[in-house]
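Summary of structural features
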Amino acid sequence: MSPVISLSQLAADLSAAVLFCTRLPVPGAATITGTDLARAGWALPIAGAIVGLIAAVVYWLARLADVPPFPAAGLTVVATLLVTGCLHEDGLADVADSFGASTRERKLEIMRDSKIGTYGVCALFM
């Protein structure tokens, strides 16, 4: 039999997922820890769906305003960058930069470094 989870715990998990994945304000949210995030793993796809819904609304509004498809798609990408705080793009650049390292320890050191390198720039450009 699975444990019973309260509605307040579900709300806290969803709040932690939204706080981690986006820059959206969450009223009454507290600082989250690694434990909070691990427990809220089930809610991460919901946070992603919220980001996707925001992107869809931006695209729909742009097309409703007769913005051509390509610029509307550009506005949609900008919206997701703003909503997520470029979280995925930063991760992509860090991973790409680590491709220049030969040892596991050096790869991790490069990924922890806040500076972006040539591999990261190329990955983001492509």
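The structure reproduced in this document is the subject of the present report. (Residues numbered from 1 in each chain as written. Predicted model: local features only at pLDDT ≥ 70, side-chain atom pairs only at ≥ 80, totals over all residues. Heavy atoms only, no water.)

Counting along an α-helix, one turn takes 3.6 residues, and residues three or four places apart therefore face a common direction. Compared with an ideal rise of 1.5 Å per residue, which puts 21 residues at 30 Å, helix H3 (residues 44-64) spans 30 Å between its outermost C-alpha atoms and is within 8% of the ideal. Buried residues of H3: Ala47, Val51, Ala55 and Ala62, and no others. The buried residues of H3 occupy an angular sector of 80° when projected down its axis, which confines them to one face. For H3, exposure combined with an orientation more than 90 degrees from the buried face picks out Pro45, Leu53, Trp60 and Leu64. Buried-residue contacts for H3 involve helix H1 (7-21) and helix H4 (69-84). (Helix = DSSP H or I, 4+ residues; strand = E, 2+ residues; numbered from the N terminus. Expected span 1.5 Å × (residues − 1). Buried < 20%, exposed > 50% of the residue type's maximum accessible area, 1.4 Å probe, protein only. Arc of directions from axis to C-beta. Contact = heavy atoms within 4.5 Å.)

Right, let's talk about the pattern of salt bridges for a bit. Side-chain pairs of opposite charge can arise whenever the charged atoms involved come near each other. Scanning the model with the defined rule gives four salt bridges in all. We note a salt bridge from Arg39 to Asp36, for which the minimum N-O separation is 3.5 Å. Taken together, the positions of Arg39 and Asp36, both in helix H2 (residues 34-39) and three residues apart, correspond to about one turn of that helix. Relative accessible area serves as the criterion here: at 37%, Arg39 is assigned to the partly exposed category. With its nearest N and O atoms 3.0 Å apart, the salt bridge here joins Glu109 to Arg106. Within this pair, Glu109 and its partner Arg106 are both found in helix H6 (residues 104-112), separated by three residues, close to a single helical turn. Overall, the relative accessible area of 48% leaves Glu109 in the partly exposed class. Ionic contacts of the salt-bridge type, sharing partners, join the residues Asp13, Asp36 and Arg39 into one network. (Salt bridge = Lys/Arg side-chain N within 4 Å of Asp/Glu carboxyl O.)

If you look at the biggest cluster of nonpolar residues, it comprises five residues: Ala17, Val18, Cys21, Ala43 and Ala47. It is H1 that provides the largest number of residues to this core, a total of three residues. (Core = buried A, V, L, I, M, F, W, Y, C linked by side-chain atoms within 4.5 Å.)

Two numbers describe how H1 lies on H3: the axes approach to 8 Å, and their chain directions differ by 55°. As summarised for this structure, H1 and H3 are arranged oblique, according to the angle between their axes. Here the hand of the crossing between H1 and H3 comes out right-handed. Touching Leu14, Ala17, Val18, Phe20 and Cys21 of H1 are Leu44, Ile46, Ala47 and Ile50, all from H3. Here the residues of the contact of H1 with H3 sort into nine nonpolar, no polar and no charged. (Axes fitted to C-alpha atoms, helices over the stretch in contact; angles between N-to-C directions. Parallel < 35°, antiparallel > 145°, perpendicular 65-115°, else oblique. Left-handed = near helix turned anticlockwise from the far one by under 90°. Nonpolar A, V, L, I, M, F, W, Y, C, P; charged D, E, K, R; others polar.)

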